Amino acid sequence: MIVAANFKTNLTRYQTREYLSRLEAFIHDNNISQEVFIFPTATSIYSHAGKVNIGIQNAYPTKNGAFTGEIGTDQLDEFEIRTVLIGHSERRHVLGETQEFIANKYQFYKEHGYKIIYCIGEPLEVRKSGTSEMMSYLDSQLVGIDMHYENLILAYEPVWAIGTGVTPTNEDIVSLHSALRRTCTASILYGGSVKADNAKEILSLKNVDGILVGSGALDVDDFCSMINDAENIKLNKEINR
Ligand code: PGA
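Residues numbered from 1 in each chain as written. Predicted model: local features only at pLDDT ≥ 70, side-chain atom pairs only at ≥ 80, totals over all residues. Heavy atoms only, no water.

**Structural notes on unusual backbone geometry**
Right, so step 1: Backbone geometry places leucine 11, a non-glycine residue, at a positive phi of 75 degrees.
Right, so step 2: Within the secondary structure, leucine 11 is located in the loop between β1 (2-6) and α1 (13-29).
Right, so step 3: A residue is classified by how much of its surface remains accessible, and leucine 11, at 23% relative accessible area, is partly exposed.
Right, so step 4: Residues other than glycine seldom take positive phi values, yet asparagine 207 does so here, at roughly 65 degrees. (Helix = DSSP H or I, 4+ residues; strand = E, 2+ residues; numbered from the N terminus. Buried < 20%, exposed > 50% of the residue type's maximum accessible area, 1.4 Å probe, protein only.)

**A look at the site of the ligand**
Right, so step 1: Near the ligand there are 13 residues, and of these Lys8, His88, Glu157, Gly163 and Ser193 occur at the shortest range.
Right, so step 2: Here glutamate 157 contributes a side-chain N or O atom positioned 2.7 Å from an oxygen atom of the ligand.
Right, so step 3: Serine 215 has a polar backbone atom sitting 2.9 Å from an oxygen atom of the ligand.
Right, so step 4: In isolation the ligand offers 280 Å² of accessible surface; the protein chains occlude 99% of this area.
Right, so step 5: Its residues assigned to classes, the shell around the ligand shows four nonpolar, seven polar and two charged. (Near = heavy atom within 4 Å. Polar contact = N/O pair within 3.5 Å; in protein donor to acceptor, adjacent residues only side chain to side chain. Areas by Shrake-Rupley, 256 points an atom, 1.4 Å probe, with all protein chains shown as cover. Nonpolar A, V, L, I, M, F, W, Y, C, P; charged D, E, K, R; others polar.)

**Section: the environment of glycine 214**
Right, so step 1: Structurally, the position occupied by glycine 214 is in the loop between β8 (210-213) and α9 (220-240).
Right, so step 2: As a C-alpha pair, glycine 214 and tyrosine 118 span 96 residues in sequence and 15 Å in three-dimensional space.

In short, shape yes, function no, at least from these values alone.
Structure (structure tokens):
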């Protein structure tokens, strides 16, 4: 399974280093075999040789150039970062990234062979308008996205569940993930208010291959507990699939 932490605009470089060393120790001491990612702020990325994969929360589709405030593959290469989050709801809704721009970014990082965690999710008013409206909204977030890219990891994160403490019902998560499963063979993560106390239940659901966690992962002990849940659940799921 895949367990990923998105720090957003939290933790300093010093705090990230502390976090990472505790996380590595936990993974080592407990013989964890799950795939673990952290997405620190751009100022807190490291060249890192351990078990934890460090990804970038955002990067511009460029090698370098005149894009004030952005970073490109030259800066990522310096720290051997090979994983990028694309399409996160905060980039779509707070920072105004359009589907066209997101698809260009996806295409660029795909051409450069990066692992991409590609996020989709509907706002509350769309969910309230019914299943077919919701599915066509989610389809619109797949426009221009190669769903068969071998380094794709898909993350379903309903906007109304992010940072709110509210999650969809288990049935809703399963039905959505099952619909997405028909579109690709990529691993499908659930994200949105995953915490140490609900991770186990969510990770156990059919067609959930992992979790993308924001605020619930800021405490490294909580994140480790979710990794531990994933480790324990994986075997059961393989038997039941
Ligand atoms: P949250 O955020 O866990 O704080 O809801 C998840 C995300 O935005 O990836």
